[in-house]
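# Observations on the three-dimensional arrangement
Now for the letters of each chain:
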Amino acid sequence: MNRLHQYDVVIIGSGLAGLRAALEASNHGNVAVISKLYPTRSHSTAAQGGIAAALGNEEPDSPEWHFYDTTKGSDYLGDQDAIEVMCEDAIRTVIELEHMGVPFSRTPEGRIAQRRFGGHTREFGAAPVRRACYSADRTGHAIVFALYEQCQLRGVRFFPEFHVLDIVVEDGRCHGVVAMEIPTGQIHAFSTKATVVASGGYGRVFKTTSNAIATTGDCLSILFNRGVPLEDMEFFQFHPTGLYGLGILITEGARGEGGILINGKGERFMERYAPTIKDLAPRDMVSRAILNEIREGRGIDGRDFVYLDLTGIPKQILQERLPEISTFSKIYLGIDPSESPIPVLPTAHYAMGGIPTDVDARVLSNERGDTIEGLYAAGECACVSVHGANRLGCNSLLDTVVFGRRAGKAIAECLREADYGRITNEVVERAIVEIENIINSRGDTRVGSIRAEMQKEMMEHCSVFRTEEGLKKTIEILTELKKASKNIQLHDRTKRFNTELLEAIELRHLLNLADVIARSALQRTESRGAHYREDFPERDDKNWLKHTFAFKEGDSIEFRYRPVKITRFQPEERKY
Amino acid sequence: MKTYTFRIRRFNPEKDTESHWEEYTVEMESMERVLDGLIRIKETQDGSLTFRRSCAHGICGSCAMKINGKNALACQSLIKEMPETITIEPLQAFPVIKDLVVDMEPFFEKNEEVLPYLINDEPPPERERLQSPEEQQRVLESITCIMCGSCTSSCPVFWSDPKYLGPSALLKAYRFIFDSRDRAQDERLKRILHEHGLWRCHSIYNCVEVCPKEIDITSHIIRLKRLALRKRLIKIQTKKNSNIEY
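Residues numbered from 1 in each chain as written. Chains lettered and ligands numbered in written order. Predicted model: local features only at pLDDT ≥ 70, side-chain atom pairs only at ≥ 80, totals over all residues. Heavy atoms only, no water.

Right, let's talk about helix H6 (residues 166-177) of chain B for a bit. Three- or four-residue spacings in an α-helix give side chains the same orientation, since the helix completes a turn every 3.6 residues. All names here are of chain B. With twelve residues, H6 should reach 16 Å at 1.5 Å per residue; the first-to-last C-alpha distance of 17 Å fits that figure. Most of H6 sits inside the fold, with twelve of its twelve residues counted as buried. Along H6, the residues classified as buried are Gly166, Pro167, Ser168, Ala169, Leu170, Leu171, Lys172, Ala173, Tyr174, Arg175, Phe176 and Ile177. (Helix = DSSP H or I, 4+ residues; strand = E, 2+ residues; numbered from the N terminus. Expected span 1.5 Å × (residues − 1). Buried < 20%, exposed > 50% of the residue type's maximum accessible area, 1.4 Å probe, protein only.)

This brings us to the domain arrangement of chain B. Residues and elements named next belong to chain B. Examined at the domain level, chain B breaks down into domain 1 (2-102) and domain 2 (105-241). Each of domain 1 and domain 2 was reduced to a C-alpha centroid, and the two centroids are 30 Å apart. At the junction of the two partners, domain 1 supplies 14 residues and domain 2 supplies 14 residues. Together domain 1 and domain 2 conceal approximately 1,100 Å² of surface at their shared face, both sides included; 60% is due to carbon and sulfur atoms. Considering only the surface of domain 1 that becomes buried against domain 2, Asn71, Gln92 and Phe94 emerge as the three largest contributors, covering 40% of it. Taken together, domain 1 and domain 2 are joined by zero salt bridges. Scanning the region where domain 1 abuts domain 2 turns up four residue pairs in polar contact (both at pLDDT 80 or more). In terms of residue count, strand E4 (residues 70-73) provides more of the side of domain 1 that touches domain 2 than any other element does, four residues in total. Here the side of domain 1 that touches domain 2 is built from residues that sort into eight nonpolar, five polar and one charged. (Domains from an automatic or database assignment. Contact = heavy atoms within 4.5 Å. Buried area = accessible area lost by both parts, 1.4 Å probe. Salt bridge = Lys/Arg side-chain N within 4 Å of Asp/Glu carboxyl O. Polar contact = N/O pair within 3.5 Å; in protein donor to acceptor, adjacent residues only side chain to side chain. Nonpolar A, V, L, I, M, F, W, Y, C, P; charged D, E, K, R; others polar.)

You can see arginine 138 of chain A is positioned in the loop between strand E5 (127-133) and helix H4 (139-154). Beyond its immediate stretch of four places on either side in the chain, arginine 138 of chain A contacts Ala47, Gln48, Pro323 and Glu324 of chain A together with Thr144 of chain B.

What follows covers the packing of aromatic side chains. Summed over all chains, the structure comprises 25 aromatic pairs over all chains. Centre to centre, the rings of phenylalanine 159 of chain A and phenylalanine 190 of chain A are 5.0 Å apart; their planes meet at 80°, and the pair counts as edge-to-face. With phenylalanine 159 of chain A in strand E6 (residues 157-160) and phenylalanine 190 of chain A in strand E9 (residues 187-197), this residue pair connects regions lying 31 residues apart in the sequence. Each member of the pair, phenylalanine 159 of chain A as well as phenylalanine 190 of chain A, carries the same accessibility label: buried. One aromatic cluster in this structure is built from Tyr38 of chain A together with Phe94, Phe107, Phe108 and Phe158 of chain B. Between arginine 115 of chain A and the ring centre of tyrosine 134 of chain A, over which it is positioned, the NZ or CZ distance is 4.0 Å. (Phe/Tyr/Trp six-rings, centres within 6.5 Å; stacked < 30°, edge-to-face > 60°. Lys NZ or Arg CZ within 6 Å of the ring centre and 35° of its normal.)

Structure follows, in structure tokens:
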């Protein structure tokens, strides 16, 4: 028996964007949140360092400087109308979160404490500024809990451990969602007036990543297969400081509090790459700098890592402001960061690209800016685009909350006019048949081995440094792996909590997205932000100051382009 | 590389009538975690082995389980600190859905009883509500809870009284009762002062022993008890049919 539900609004994902959207939408209609994890398990909880807002609590700051930094950080690919909206709304957003109960760290006067973060400066690049509002190094965790708690207060209905199988986009509108209740294997259909996709990132396409195992980008892949374009997928951020060998994130806040990067010769090498703001340069630059040092033989003992040195930070500051990273350096590497430097290497961290939206989170159906009725997206899965080619630290939390709220507000209009979507039996049947096909497939390959090969290949040729030759090889291998993924074998053929089945579904989505990333990277013959082509090392504004829109065309991809919105800051050479 | 035996309690109600043990032999590197071993078993030996996991670094709370008799996060349990045979079971006292996956729903529902959200009806100021670092310090430890369930599952009072709120929900109550910005202290205290509430904590400290975030939960509960005493909100059942109120 399949279950049919009707909600005004269904939100997919219970991270920051989803919860904030749910809270806002609950003012206008009945709301359900579907999530493949329990809400408090969402990967937003892993966000450490802070949320950016020019509160000016610790030193003078202004939303305009924030606007400039974000634009420059994006390597001028961010849409400036959207960036302005975000930066202008940042102060109100953070104050509102505080009123909801977020336990921000405090200044001695009792105000929200703020610290330095990469790429955030005063007076248009003059020097680093304290703009990151934080709750020790558990900022994401603190905000997720507060928003979840507020949703509980408002009576938002949660469907935890529901795995989305289909988002029904037909005839120019979104009708709702088909999902599997994980504990029972039962299929549910949700007919909606509005659907918000807030499903997070897809860092698991790479071998070394700070992303949770659940961050597999299912919904982006589903929408792509349904004909929705994906924007700027070639831009994937590698965070400079992942724990060596594990990829677990060490927040940029560690450098914001005074930590420095050191190479094998004991040099503070960022002085050479970014003389003004040094270790607090944006992440794309620091990641490239680290890998460059290693390539030129200046890794620690000539090996493939550098040191993040926090020994200069007073012990009390480490305890108060960076307790979490101190603890897991001790647990995982046996290193006390107050006494010894931490071995680090860049780790796949954040997708700048995603589902294209306007500033009110409405999903675009094409590069001309037409929208899909009843479909919204916010957070990491979306591309507004406020981050362009490279996101600044602390802007992701801000993005999720600002645009999650805007989605909730925009929905109010939609609810007045729209009818509930129509989910036909055929659509539900198709989802069921797909699952049965996977369960009954009697191939000879295991999900884990295909996934490992994909992750290794993406890391080798599609990460920080890219070339035409490498990308072409990646695309070939991905084509083979896609074939192999149809020839798998499961050990678990039961309905109840079948995580092997879920991993097989996720694998298909990961392969789909890996292919979009690699092909998007191949066609962009320039270097900008996080996308660095060794065969085209310069930024090329004449030909490439534009967003990539990838459309599925059978087994291939068609690329079209959308101009960047430039309102205030003309592109300049990016120096720090 | 060293060889370990994972001895895992398995149960799939869809095909088993009762739980049984299965053993897997796995080669592990010294810096790996128990979770890495479980993932390797699932990938290479038995795809039907079922467990929850997500962040893999101790912040999401998904992979709490009983490892060698003690609740812990699999992602924080280092292989090099394990004996050659590692015994793994689902969290005790929660209904098992499958293998190491338990039903967390009753656990989460208990939280809702304590009004787990900031309540303050005063008109908010234009900027943030001020809170001194000292005031923040009072709730600092309690806000680090990741709701993994390790504490409640290890509590002998909960084993004997499934209606007991348990350490996690009481910690959540503390988190708001002691937040200087909250205005529903009394209401919340009343919510936890019932026969399955605050006074059922017998200070056994099992919760403190297993908490992966090293929260001294029992001490927080003791502070709640002190506050209830100060406010004379105490109701102890001494004998059958006689309630003495202080």
